[in-house]
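Residue strings, one per chain:
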Amino acid sequence: VGDIDAATLGPALDRVFGGLPAKGDRMPVPEIEVTAKGTETVPMAVSQASIQLGFPAPRRDDPDYFPAIVMNHILGGSTFTSRLYRAVREQRGLAYSVDSNTIQLKHSGLLLITAGTRADKAGESLSVIRDEIARLAKDGPTEQEVAEAKSYLIGSYPLGFASHDSLAAYVLSLQLAGRGRDFIDKYPGLIGAVTPAQVKAVAARVLQVKDPTAVVAGTPAS
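The structure presented is a predicted model; accordingly, all values stated were derived computationally and were not measured.

### Examining a nonpolar patch on the surface
Next up, step 1: There is a patch of nonpolar side chains on the surface, built from Ile 4, Leu 9, Leu 13, Val 16, Phe 17 and Leu 20 and spanning about 570 Å² of accessible area.
Next up, step 2: By the secondary structure assignment, Leu 9 is in helix H1 (residues 6-17).
Next up, step 3: Its relative accessible area of 34% is what places Leu 9 among the partly exposed residues.

### Regarding the packing of helix H3 (residues 83-90) against helix H4 (residues 122-139)
Next up, step 1: Remark: H3 packs on H4, axes separated minimally by 10 Å, with the N-to-C direction vectors making an angle of 150°. Classed by the angle they form, the pair H3 and H4 counts as roughly antiparallel. Relative to H4, H3 is oriented so that their crossing is right-handed. Between H3 and H4, the contacting residues are Arg 83, Leu 84, Ala 87 and Val 88 on the first element and Val 128, Ile 129, Glu 132, Arg 135 and Leu 136 on the second.
Next up, step 2: In terms of residue class, the contact of H3 with H4 is built from six nonpolar, no polar and three charged.

### Overview of the nonpolar core
Next up, step 1: Residues Leu 53, Val 70, Ile 129 and Leu 207 are the most contacted members of the largest nonpolar core, which totals 49 residues.
Next up, step 2: When residues in this core are grouped by element, the largest group, eight residues, is from helix H2 (residues 65-77).
Next up, step 3: Setting aside anything within four residues of it in sequence, one finds Ile 129 in contact with Leu 53, Leu 84, Val 88, Val 98, Ile 113 and Ala 115.

### Quick word on the packing of aromatic side chains
Next up, step 1: All chains considered together, the criterion is met by nine aromatic pairs.
Next up, step 2: Lying over the aromatic face of Tyr 65, Arg 179 brings its terminal NZ or CZ to 4.9 Å of the ring centre.
Next up, step 3: Above the plane of the ring of Phe 183 lies Arg 179, whose end atom (NZ or CZ) is 4.6 Å from the centre.

### Examining helix H8 (residues 196-207)
Next up, step 1: Look at H8: 16 Å from first C-alpha to last across 12 residues, which is about the 16 Å you get at 1.5 Å a residue.
Next up, step 2: Along H8, the residues that are buried comprise Val 199, Val 202, Ala 203, Val 206 and Leu 207. Projected onto a plane normal to the axis of H8, the buried residues spread over an arc of 110° and lie on a single side.
Next up, step 3: On its buried face, H8 sits against strand E2 (48-56), H2, strand E4 (109-118), H4 and helix H5 (143-156).

### Some words on the environment of His 73
Next up, step 1: Structurally, His 73 is set in helix H2.
Next up, step 2: For the pair His 73 and Glu 148, spaced 75 residues apart in sequence, the C-alpha to C-alpha distance is 9.8 Å.
Next up, step 3: Residues in contact with His 73, not counting those within four places in the same chain, are Ser 78, Ser 82, Ala 149, Tyr 152 and Leu 153.

### Some words on the environment of Ile 32
Next up, step 1: For Ile 32, the location among the structural elements is in the loop between H1 and strand E1 (39-42).
Next up, step 2: As for Ile 32 and Ser 108, which are separated by 76 residues in sequence, their C-alpha atoms are 5.2 Å apart.
Next up, step 3: Discounting residues that sit within four places of it in the chain, Ile 32 has contacts with Arg 59, His 107 and Ser 108.

### Re the environment of Ala 57
Next up, step 1: Its place among the elements puts Ala 57 in the loop between E2 and H2.
Next up, step 2: Remark: the alpha-carbon pair of Ala 57 and Leu 110, spanning 53 residues in sequence, is separated by 4.6 Å.
Next up, step 3: The residues touching Ala 57, leaving out its near neighbours within four places in the chain, are Gly 109, Leu 110, Leu 111 and Val 206.

Criteria and thresholds
Residues numbered from 1 in each chain as written. Predicted model: local features only at pLDDT ≥ 70, side-chain atom pairs only at ≥ 80, totals over all residues. Heavy atoms only, no water. Patch = residues over 30% accessible without salt bridge, like charges linked within 9 Å, V, L, I, M, F, W, Y side chains within 5 Å. Areas by Shrake-Rupley, 256 points an atom, 1.4 Å probe, with all protein chains shown as cover. Salt bridge = Lys/Arg side-chain N within 4 Å of Asp/Glu carboxyl O. Helix = DSSP H or I, 4+ residues; strand = E, 2+ residues; numbered from the N terminus. Buried < 20%, exposed > 50% of the residue type's maximum accessible area, 1.4 Å probe, protein only. Axes fitted to C-alpha atoms, helices over the stretch in contact; angles between N-to-C directions. Parallel < 35°, antiparallel > 145°, perpendicular 65-115°, else oblique. Left-handed = near helix turned anticlockwise from the far one by under 90°. Contact = heavy atoms within 4.5 Å. Nonpolar A, V, L, I, M, F, W, Y, C, P; charged D, E, K, R; others polar. Core = buried A, V, L, I, M, F, W, Y, C linked by side-chain atoms within 4.5 Å. Phe/Tyr/Trp six-rings, centres within 6.5 Å; stacked < 30°, edge-to-face > 60°. Lys NZ or Arg CZ within 6 Å of the ring centre and 35° of its normal. Expected span 1.5 Å × (residues − 1). Arc of directions from axis to C-beta.

Okay, structure coming up:
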């Protein structure tokens, strides 16, 4: 991207990539399902503990892809307004950082929740995180939460490719996902069309996992 034309770019690409074969043999990639394996504690003599929880999430070609993005923002994707931030940090001061992210690939999908806290507060932090997960899975979000999440996601979207580097990286991600450039124009409408009912359904689908995979690295108080 940027101030370059095809006549200049073509020879440069040939110099860098001209020796590669026109087609490659792709290795088959199996479908990967995130499984529930319970909680594992990795004892470490440190003052801080790191917490991670993993849930199976919709893949990028799943009809629940966009509702999952909105759901994640409400749960832990927003830096200062998410449910996890309010419950874990703002209300109880248990952790400096707590958030969630969706990793939506072709052959797998993952919702990853991470938190950093004092080692002696790891158990309490994990309990509060689980309570918030269960509440969203059971009751779903409020209409206001969905409206605010959609407004933020749509409004902040252009900031993700405000520089040449970020725009090039984003267009590459579209190619890897098999999407055209018009996805940039379609995205706000696709997020805007998400309903509270869809977010509630995907929250129940993703978060109602019995004994989900969780890892605590540290030495939490018993």
